[in-house]
Amino acid sequence: MAEICFHCGEPIDKERVEYDGKAFCCHGCKEVYHILKENALEDFYKLNPSSGVSKKREAQNKDFSYLDNPEIADKILQFREGGVAVVRWSLPQIHCSSCIWLLENLPKLKKGVLSVVVNFPKRTAQITFRESDISLAGLAALLDHIGYPPALSQSSLTEGRKEEKSFDRTLIYQLAVAGFAFGNIMLLSIPEYLGMNNMGDENYAYYFRFVSMALSLPVLLYSSQEYYKSAWAGLRSGVINIDVPIVLGIFIIFFRSLYEVFVLHEPGFFDSLAGLLFFLLIGKYFQRRTYERMSFDRDYSFYFPIAVTRILADGSKEQIPISKIAKDDLLLIHSDELIPVDAELVEGRAYIDNSFVTGEAIPVSKNPGDRIYAGGRQKGEKIVIKALKPLDQSYLTSIWNQPNHRKGIKIIKDLTDKISKRFTIWLLAVAFLGFLAWLPFNAHTAINVLTAVLIVACPCALALAAPFAESNMMLHLGRNGLYLKDAPTVEQLADVEHFVFDKTGTLTVASEGEVTYQGMPLTDEEVVLVHAVVSNSLHPLSRILSKSLHTGNAEITEFSEEKGSGLRGVVNGNVLKIGSRNFVIPDSVHSTDEVQNSEVHIEINGQYRGCYTIQNKYRENLHQLFESLKDKPITILSGDNDRELPNLKKFLPETAEIRFFQKPTDKLQYIEDLESKGIKTLMAGDGLNDAGALMRSHMGISVAEDVYTFSPACDAILEASHLHKLPKYVKAAKSTVKIIKESFLISLLYNIGGLSFALAGMLEPIVCAILMPISSISVVVYVVLRTQAVAKSIFTSSINHQDTVSYQPIKREAHLEGVR
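These remarks concern the structure in this document. Per chain, residues are indexed from 1 in the order of the written sequence. Thresholds applied to this predicted model are a pLDDT of at least 70 for local features of residues and 80 or more for the giving and counting of side-chain atom pairs; totals over whole chains, interfaces and linings are not thresholded and use all residues. Excluding hydrogens and water, the side-chain figures rest on all heavy atoms present in the structure.

Once that is clear, we can look at the sheet that holds strand 6 (residues 124-130). To summarise the sheet geometry, strands pair through backbone hydrogen bonds and adopt either a parallel or an antiparallel arrangement. When DSSP locates at least two bridges between a pair of strands, those strands are taken to pair. Under the scheme used here, helices are H or I runs from DSSP no shorter than 4 residues and strands are E runs no shorter than 2 residues, and both carry numbers assigned from the N terminus. Taken in spatial order, the four strands make up an open sheet running 3-4-6-5, and their pairing is antiparallel. Only two strands of the sheet have a single partner each, and these edge strands are strand 3 (79-81) and strand 5 (113-119). Along the sheet, successive strands turn relative to each other by an average axial angle of 15°, direction set aside. Two strands pair when backbone bridges link them, and strand 5 and strand 6 are joined in this way by six bridges, in the antiparallel orientation. Paired with Val117 across the two strands is Gln126, which belongs to strand 6. On top of the sheet, helix 6 (residues 136-145) reaches strand 4 (84-90), strand 5 and strand 6; it is set at about 40° to strand 4, its chief contact. Axis lines are fitted through C-alpha atoms, for helices just across the contact stretch, and the angle between N-to-C directions can take any value from 0 to 180 degrees. In what follows, a contact means two residues having at least one pair of non-hydrogen atoms within 4.5 Å.

Now the structure itself:
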């Protein structure tokens, strides 16, 4: 069994650091342990062993100096008075009770931190600190150092204040009012139900009825408000949604109860009214609680940094918010920083990773005078760029702000609304036919039949079935790696007909690659030499190669990098050249530039040794995924070139369509063409380059390595390691819709039973009071138990390993192939 890191629990692969008798996977984890031990906070590991956040993936320390800009700090801080400030930050790395314990003990780690309050469900922390002891930038650096870097972006400047204002407790208050009224009215109605109203003073019976009526008024006027608004909005749009018959039932129950109390001197149905709203609001509250942890509705500003360095005319530098970037401003961009605006390269050699915008995994080289588009990420040395457009006019922003990218483009009618129109028409027809049938014989009974039918057939069970079934299945999907935007999205997932996938970052692991070696065999010592050189480069191919090679004792005395070409280094006295074919073998000729980009050639002490070929690493179980979807239409849309076509064909069925060189607008157009034909598409992608297609598709799924820090506007977020479960998700969604229909049938049977009493003129208050709660509760219990059983059968079934793909990290072949 592989040894694991004492701090974070991750396997120790190549680098093993020992300290204080414990093993760590990297120096970062060891350093965090050292800090905790120095401050007597070792109890962190007793709460949840190996629960720390891994520091292994961090390439360099982050620079938070821009947070000391007064203008930026004023927008981030929630409170500042008398030298004490309060900030609320999103800390996505929070994942367990140990994290909470460590963060709330932050005052012991750093002087000046006064208190920390963690909101675990939302993964945020409110930190109070003394500015004379620690700055805002210092606080961010401290959090980053212990493994909890704050999620800072342009949108986070106002996110904290916006969150406070937008939190709405109205539903909670409405539910509390309905619950209070329901409980008390039921208590006052017990004598009526048990026939005890004549055993004492009759005045008490009348008094209890008027108290019940008074208690029902807040339910009618306050707790029901959202249903009134929804029903009215539907009618104004010419749509009869599920809230229309609910509102009709509310009014009928209330006014019939007034008639019962004032004219017939009977108790009425106030308890049924309060109970109906109480159960409906519980369903709505349950629905909201299941997805409030995730935030999907993010605009382009979420992906931008907060500030950038501007170079002034006198050569000095200042940190400014990116919203203040103007045309012709000179901006200093550091390694691994996002290009915030469309710009022209002025100074330095740019090596731009455009995978976030175009999907192309291989970075491109830029020379002074070349244009660079917003959204690219600089790899390597610092560069100076001149802004060609302000933030809101750049290419990246224009992609997002296309009309098709905005929320609200899709109008989804859920299953309940589709049925409600027929239900309402059918209910009114039965009620009036019953009224007309009794009218010639007894007008009083005819009125009773009319109101009784509308009361007993109130669609409370109909309205509860979908929220509880969908919300419960939504929880099960979340436990299996798929996080839906809201509960009705389950129905969207069940309707998909055509599956569309992005390639880079969706079907492939963007940060990893499959490495094979061709050429003269390298000794273990020579492999160590190669690793020592490539580990000093930020180039993506160098990083992938560095992960694949074993380390050893190596002393680098010289190192240089020619961006876009290769590396030179002297290690243990050996001279190495590593890079493209033309860099290592200047006189070589090759037919395609694309192959050069995925080859890393090696020369040691003037002798050519061979090359490493780096190909995309595809996610595990892709065979299993596409085997399950082989009878469905499948399309692959890639912004990359077609060099991966042979590898893709190994996974895909013959009927699958593959399109390369697809720009964001091309992907969007493809989805629009399918949707315009009435074909309901599922689009799975990552990055802003897929945002338009995700928004326009019937079901947009963002595939993410970290679901808490990346979520473009979409219908669902899928943990990348669970991509192969996509057919199971669809199956679960279809089963949920089936369960809802079954619950409608149960509700219909109850309504038929109740209607038989109502049409016969035999409906008594106690019959109505019993039928309505039983109908609601039984439907809720049925859908919850059925969805749990279905989820268990789907997600705990044995996994078919026949199609699981396995890869060897390095394959060595002792011959030269294709080298001139």
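So, about the side chain of Ser223. Locating Ser223 in the fold gives a position in helix 9 (residues 202-223). Residues within four places of Ser223 in sequence aside, it is in contact with Gln174, Val177, Ala178, Pro218, Leu277 and Leu281.

With that settled, the discussion passes to a nonpolar patch on the surface. Patch membership requires over 30% relative accessible area and the absence of a salt bridge. Like charges are linked within 9 Å, and nonpolar side chains (Val, Leu, Ile, Met, Phe, Trp, Tyr) within 5 Å. Note on areas: these come from Shrake-Rupley sampling with a 1.4 Å probe, and a residue is covered only by the protein chains present in the view. Think of a salt bridge as a Lys or Arg side-chain nitrogen and an Asp or Glu carboxyl oxygen that are within 4 Å of each other. A cluster of nonpolar side chains, contributed by Trp426, Leu745, Leu748, Leu749 and Ile752, occupies part of the molecular surface with about 470 Å² of accessible area. Among the elements that make up the nonpolar patch, the one with the highest residue count is helix 26 (residues 726-759) (four residues). Relative to the assigned elements, Leu748 resides in helix 26.

Looking now at helix 11 (residues 243-262). Multiplying 1.5 Å by the residue count of a helix minus one yields the expected span of that helix. Spanning 20 residues, helix 11 covers 29 Å between terminal C-alpha atoms, matching the ideal 28 Å at 1.5 Å per step. Exposure is judged per residue with a 1.4 Å probe applied to protein chains only, and the accessible area is read against the type maximum: over 50% gives exposed, under 20% gives buried, and values in between give partly exposed. Within helix 11, 15 of the 20 residues are buried, leaving the element largely enclosed by the surrounding structure.

Ranked by internal contacts, the top residues of the largest apolar core, which has 87 residues, are Leu482, Phe501, Leu507, Phe626 and Leu682. Excluding residues that lie within four positions of it along the chain, Phe626 makes contacts with Phe501, Leu507, Ile634, Ile636, Phe651, Leu652 and Pro653. Counting 38 residues, the second largest nonpolar core, distinct from the first, contains Leu91, Leu109, Leu139 and Ala307. Nonpolar cores are built from buried Ala, Val, Leu, Ile, Met, Phe, Trp, Tyr and Cys residues. Side-chain atoms within 4.5 Å join them into one set.

Bringing unusual backbone geometry into the picture now. Across residues other than glycine, the phi torsion is negative in most instances, and most of the peptide bonds are trans. At Asn572, a residue that is not glycine, the phi angle is positive and equals roughly 50°. Tracing the backbone through its elements, the reader meets Asn572 in the loop between strand 20 (566-571) and strand 21 (574-579). For Phe661, which is not glycine, the phi dihedral falls at a positive 55°. Inspection of the secondary structure puts Phe661 in the loop between strand 25 (657-659) and helix 24 (664-676).

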